[in-house]
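# Close look at the chain arrangement
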Number of protein chains: 2
Amino acid sequence: MSVFYAPEIQQDATMYTMNEDTSKYCIQVLRYEKGDEVLLADGRGHKITAVITDDNRKKCVVKILSSETMPAPARALRIAISFTKNASRIEWFLEKATEIGIQTIIPLVSQRTEKEKFKPERLQNILVSAMLQSQQFYLPELQEPQAFDKLVKNNKDPQRLIAHCLPEQKTPLQQVMQPAKDTLILIGPEGDFTPEEIKLALDEGYVPVSLGDTRLRTETAGMVAVTLMNAC
Amino acid sequence: MSVFYAPEIQQDATMYTMNEDTSKYCIQVLRYEKGDEVLLADGRGHKITAVITDDNRKKCVVKILSSETMPAPARALRIAISFTKNASRIEWFLEKATEIGIQTIIPLVSQRTEKEKFKPERLQNILVSAMLQSQQFYLPELQEPQAFDKLVKNNKDPQRLIAHCLPEQKTPLQQVMQPAKDTLILIGPEGDFTPEEIKLALDEGYVPVSLGDTRLRTETAGMVAVTLMNAC
């Protein structure tokens, strides 16, 4: 059964009207009809079962039958990643990171970051589609871009990692990762973090990690990091 | 220093002429000139240092200074994956799998596979670009498409895994993977393998593995599998 996004739905609602895009997708594209059961996700962990009472292609109305709160992730996984010049690469990353499982994505503005602006609505839609497609019920949070120094100093996660490309001592992520802890990992831009940025992070107690033996593009490094953090 | 692809280079060569595309890229795009040092990769493990003796933009000639054989991967990682209807998704997978590290990619033709034809040259170019970009020297082998039953029965790798979506007993890949062994993993199409296909693989001794708690698209499952196999 398809899952539809219902961000405005209230916890105690008995009826709900899908927005125009969702109504069109549900009724016109997927051909759902009055009396069909559907699943709704509010992106806040609720899995809502409902039945279509008005299959209007612009304002599809459903009656809510039941609502279940899905278990929240045991620990928060956050990734701060420098967005790539090529927008499609970071959009791929957002889709894949959501599919695999991530709670927070922070666009990281470091000295060599070439891309600092993006269309939040467009990226938000990618996150929603990936959440629905992978049948999850918690929507990852896409934060405002943050400057490297500020984030590194202000973040208070109990486990903080940095993946850089300098040949210095690094341990594979899967060997240092403590699975139970809320975790932030920093992924640099094409051209890597500057030595000063890396020094700052290490001085702040960030643990340097390796993501493998090959040189990875920024979006690949991000996806590998999300995969390994989830696997731990 | 950029690495350029030199597939036709002979082991004992003292001079080499880049093909037209590579010459154009080296001389016209990257503005290399006579006297500049370059690195060449033949895709068979050789890291060749050379100097440009004729910066002709169509036939760039280099003099070979030294050749080093890079260590081959300790064990072979092979992935048989059903190609997706959407070509860009499988192209993305090929790029990422090469970056992360894979030795053999087998287009898998299972009962629900919707895509069986593709342009080998185009995909080959993606593998080459990803190999050079990630500074590796072994080009993954892209095999001919193979039928599921035939591959499952004929493959002789000591470790054979299948990632399917049925709710049956599966163990996380990273828990069953024996790192030292040559390994083949099977990744199914959108819509998964059929129960008959899964039964056949299990009867043949393939180990069912899970790639995480979320439902992954085919190309995402492939990328996650390659990442986890490499991390083990």
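Rules and cut-offs
- For every chain, the first residue of the written sequence is number 1, and numbering continues from 1 along that sequence.
- Here chains are named by letter from A upward and ligands by number from 1 upward, in the order in which they appear as written.
- Only residues with pLDDT of 70 or above have their local features reported here, since the model is predicted, and side-chain atom pairs are shown and tallied only from 80 upward, although totals for entire chains, interfaces and linings are computed over all residues.
- By convention in this description, side-chain values take in all heavy atoms of the structure and omit both hydrogens and water.
- UniProt positions are given in the numbering used here, feature names are shortened, and annotations may be inferred rather than shown by experiment.
- Criterion for a disulfide: a pair of cysteine sulfur atoms at a distance within 2.5 Å.
- A 1.4 Å probe rolled over the protein chains alone gives each residue an accessible area, and that area as a share of the maximum for its type sets the label: buried under 20%, exposed over 50%, partly exposed in between.
- For the domain bounds, the source is a domain assignment made automatically or taken from a database.
- Buried area is calculated as the accessible area (1.4 Å probe) missing from two parts once they are joined, with the contributions of both summed.
- By salt bridge we mean one thing: a side-chain nitrogen of Lys or Arg within 4 Å of a carboxyl oxygen of Asp or Glu.
- Here a polar contact is taken to be a pair of N or O atoms separated by no more than 3.5 Å, where protein atoms must pair a possible hydrogen donor with a possible acceptor and residues adjacent in sequence count only if both atoms sit in side chains.
- Only DSSP runs of H or I reaching four residues or more are called helices, and only runs of E reaching two or more are called strands; each is numbered from the N terminus.
- Between N-to-C directions, angles cover 0 to 180 degrees, with each direction set by a line fitted to C-alpha atoms, over the stretch in contact for helices.
- Each angle gets one of four labels, with under 35 degrees taken as roughly parallel, over 145 as roughly antiparallel, 65 to 115 as roughly perpendicular, and the rest as oblique.
- Contacts: residue pairs with any heavy atoms within 4.5 Å of one another.
- Side-chain classes are defined by residue name, with Ala, Val, Leu, Ile, Met, Phe, Trp, Tyr, Cys and Pro counting as nonpolar, Asp, Glu, Lys and Arg as charged, and the others, Gly among them, as polar.
- Alignment of the copies relies on least squares applied to C-alpha atoms, considering only residues that score at least 70 for pLDDT in both.
- What makes two strands pair is DSSP finding at least two bridges between them.

Where an unreviewed UniProt entry is consulted, chain A appears under the name Ribosomal RNA small subunit methyltransferase E, with the organism given as Chitinophaga ginsengisegetis. Recorded in UniProt under Sequence similarities (unreviewed entry), the annotation for chain A is "Belongs to the RNA methyltransferase RsmE family." As its UniProt record puts it under Catalytic activity (unreviewed entry), chain A is described as follows: "uridine(1498) in 16S rRNA + S-adenosyl-L-methionine = N(3)-methyluridine(1498) in 16S rRNA + S-adenosyl-L-homocysteine + H(+)".

## Considering the state of the cysteines
Residue and element names in this part refer to chain A. In the structure shown here, the tally under the stated rule is zero disulfides over all chains. Cys165 carries a free sulfur, and the closest cysteine sulfur to it, the one in Cys232, is 20 Å from it. A residue is classified by how much of its surface remains accessible, and Cys165, at 47% relative accessible area, is partly exposed.

## Quick look at the domain arrangement of chain A
Residues and elements named next belong to chain A. Here chain A is described as being made up of domain 1 (3–69) and domain 2 (77–231). The centre of domain 1, based on its C-alpha atoms, is set 33 Å off from the matching centre of domain 2. Approximately 750 Å² of surface area, both sides summed, lies buried where domain 1 meets domain 2, with 76% of it carried by carbon and sulfur atoms. Area buried by domain 1 at its contact with domain 2 is led by Val3, Tyr5 and Gly43, which between them contribute 58% of it. If you look at where domain 1 meets domain 2, you find zero salt bridges. Viewed at the interface, domain 2 and domain 1 are joined by three residue pairs in polar contact (both at pLDDT 80 or more). Elements with a minimum of two residues in the side of domain 1 that touches domain 2: β1 (3–5), β3 (37–41) and β4 (46–54).

## Topic: the packing of helix α2 (residues 87–100) of chain A against helix α7 (residues 218–231) of chain A
All names here are of chain A. Contact pair α2 / α7: the axes reach a minimum separation of 9 Å and the direction vectors enclose 5°. With respect to their mutual orientation, α2 and α7 come out roughly parallel. Side by side, α2 and α7 meet where Arg89, Phe93, Lys96, Ala97 and Ile100 of the first sit next to Glu219, Gly222, Met223, Val226, Thr227 and Asn230 of the second. Across the contact of α2 with α7, the residue classes break down as five nonpolar, three polar and three charged.

## Some thoughts on the relation of the copies chain A and chain B
With an RMSD of 0.0 Å, chain A superimposes on chain B once it is rotated by 180° and translated 0.0 Å along the axis. Here the transformation between the copies is reduced to the relation of a two-fold axis. Of the interface residues in chain A, 100% have counterparts in chain B that sit at the interface too, so the contact is made through matching surfaces.

## Some words on the UniProt feature "domain: Ribosomal RNA small subunit methyltransferase E PUA-like" (unreviewed entry) in chain A
According to UniProt, the positions carrying the feature "domain: Ribosomal RNA small subunit methyltransferase E PUA-like" (unreviewed entry) are residues 20–65 of chain A. What you have in residues 20–65 of chain A is 22% helix and 41% strand, and the ends, taken at the C-alpha atoms, are 22 Å apart.

## Regarding the sheet that holds strand β4 (residues 46–54) of chain B
Residue and element names in this part refer to chain B. Strand order in the open sheet made by the five strands is β1-β3-β4-β5-β2, with mixed pairing throughout. A strand with exactly one partner marks an edge of an open sheet, and here the two such strands are β1 (3–5) and β2 (15–17). Averaged over all pairs of adjacent strands, the angle between their axes in this sheet comes to 45°, without regard to strand direction. The sheet contact formed by β4 and strand β5 (residues 61–69) spans eight bridges and is antiparallel. Of the residues in β5, the one forming a bridge with Ile52 is Val62. In the packing of helix α1 (residues 20–29) onto the sheet, contacts are made with β1, β3 (37–41) and β4, and the angle to β1 comes to roughly 160°. Across the face of the sheet, helix α3 (residues 120–133) comes into contact with β1 and β3 while running at roughly 155° to β1.

## Here's the deal with the interface of chain A and chain B
Counting residues at the interface gives 23 residues for chain A, matched by 24 residues for chain B. Summing both partners gives a buried area of about 2,100 Å² for chain A against chain B, and 57% of it is carried by carbon and sulfur. Across the chain A-chain B interface, the total number found is six salt bridges. As a salt-bridge pair, A:Glu219 and B:Lys96 come within 2.6 Å of each other at their nearest N and O atoms.

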